[in-house]
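# Close look at the chain arrangement
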Amino acid sequence: MNRIGVCSWSLCPTGPADLATRVRATGLKDVQLALDPLREGDWSLEETRRALDEAGLRICSGMMGTAGEDYSTLETIRETGGFRDEARWPENLERVRGNARVARDLGLRLVSFHAGFLPEGGTQEGDPLLERIRTVAEIFGDVGVQVALETGQETALDLASFLEHLKPTVGINFDPANMILYDKGDPIEALEALLPRVLQIHVKDATRTAQPGTWGREVVVGRGEVNWRAFF
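The structure reproduced in this document is the subject of the present report. The model shown is predicted, which means the values in this text are computed figures rather than measured ones.

Criteria and thresholds
- Residues numbered from 1 in each chain as written.
- Predicted model: local features only at pLDDT ≥ 70, side-chain atom pairs only at ≥ 80, totals over all residues.
- Heavy atoms only, no water.
- Salt bridge = Lys/Arg side-chain N within 4 Å of Asp/Glu carboxyl O.
- Helix = DSSP H or I, 4+ residues; strand = E, 2+ residues; numbered from the N terminus.
- Buried < 20%, exposed > 50% of the residue type's maximum accessible area, 1.4 Å probe, protein only.
- Pairing = 2+ DSSP bridges.
- Right-handed = clockwise from strand over helix to strand, strands pointing away.
- Lys, Arg positive; Asp, Glu negative; His and termini not counted.
- Polar contact = N/O pair within 3.5 Å; in protein donor to acceptor, adjacent residues only side chain to side chain.
- Contact = heavy atoms within 4.5 Å.

## A look at the pattern of salt bridges
Tallied over the entire structure, the rule returns 16 salt bridges. Here R39 makes a salt bridge to D36, at a shortest N to O gap of 3.1 Å. One end of the pair, R39, and the other, D36, are both in helix α2 (residues 36-39), three residues apart, so they sit about a helical turn from each other. The salt bridge involving E91 is made with R88; its shortest N-O contact spans 3.2 Å. Put simply, R3, D30 and R58 are held in one network by salt bridges that share partners.

Pasting the structure below:
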């Protein structure tokens, strides 16, 4: 079913009732829900479900973050993002298990996350990150949930190579702005190459950096470098 929704964390809600109010203010009826507040107990699962139900809103998918992510610079996020950090893997594994239980209890069918910086030049069997993502996909798969990897921290070719080693049920949450922010190629060409695996998209826009080694700049959709007519 084709749906247009809003990411819960983009609205900076203080709790379930506030989230419902803010989503209704957008005029949309679907939400991609950040699962970590529910897993950590900051938000009640039942209260969240009730607040959204009473507002006539639906949870179309979930999102999870990983421990220790540091976006201070490109180098820090390369070291700490996703599931790349070996020292954080035990903690992140527990996060995955907890978020899988939340996703199951909410009846979700899709959860997205950043895998971490993928191997450049293609993925080979035995790569630790590949094995970790297999484990993550299996844990969610055991409760009937597909997973989607966020795009942008790698080229389309490197992502395609990584996905070749994973089951077809592992898909992509395609974010065209991230391709630009990380300077990893043209988002339209990337979308064409990866389309069979795309399960969800994030509508964001950005301008590319003029200084290699730094991020581009996120801007209002329509004011950046994404060719939206070609994208849709």
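## Overview of the pairing of strand β4 (residues 110-113)
Here β4 shows a buried face lined by L110 and S112 and a second buried face lined by V111 and F113. As judged from the two bridges shared by strand β3 (residues 58-63) and β4, these two strands associate in the parallel manner. Looking at β4, one finds that G62 is bridged to V111. The pairing of β4 with strand β5 (residues 146-150) spans four bridges and is parallel. Residue pairing in the sheet places L110 in a bridge with Q146 of β5. Read from β4 through helix α6 (residues 128-141) to β5, the crossover connection turns out right-handed.

## Observations regarding the side chain of R132
Position of R132 among the secondary structure elements: in helix α6. For the buried residue R132, which engages in no salt bridge, the nearest side chain bearing the opposite charge is E86, 4.5 Å off. Within the structure, R132 has its side chain in polar contact with the backbone oxygen of R84 (distance 3.0 Å). Leaving out residues up to four positions away in the same chain, R132 has contacts with F83, R84, D85, E86 and W89.

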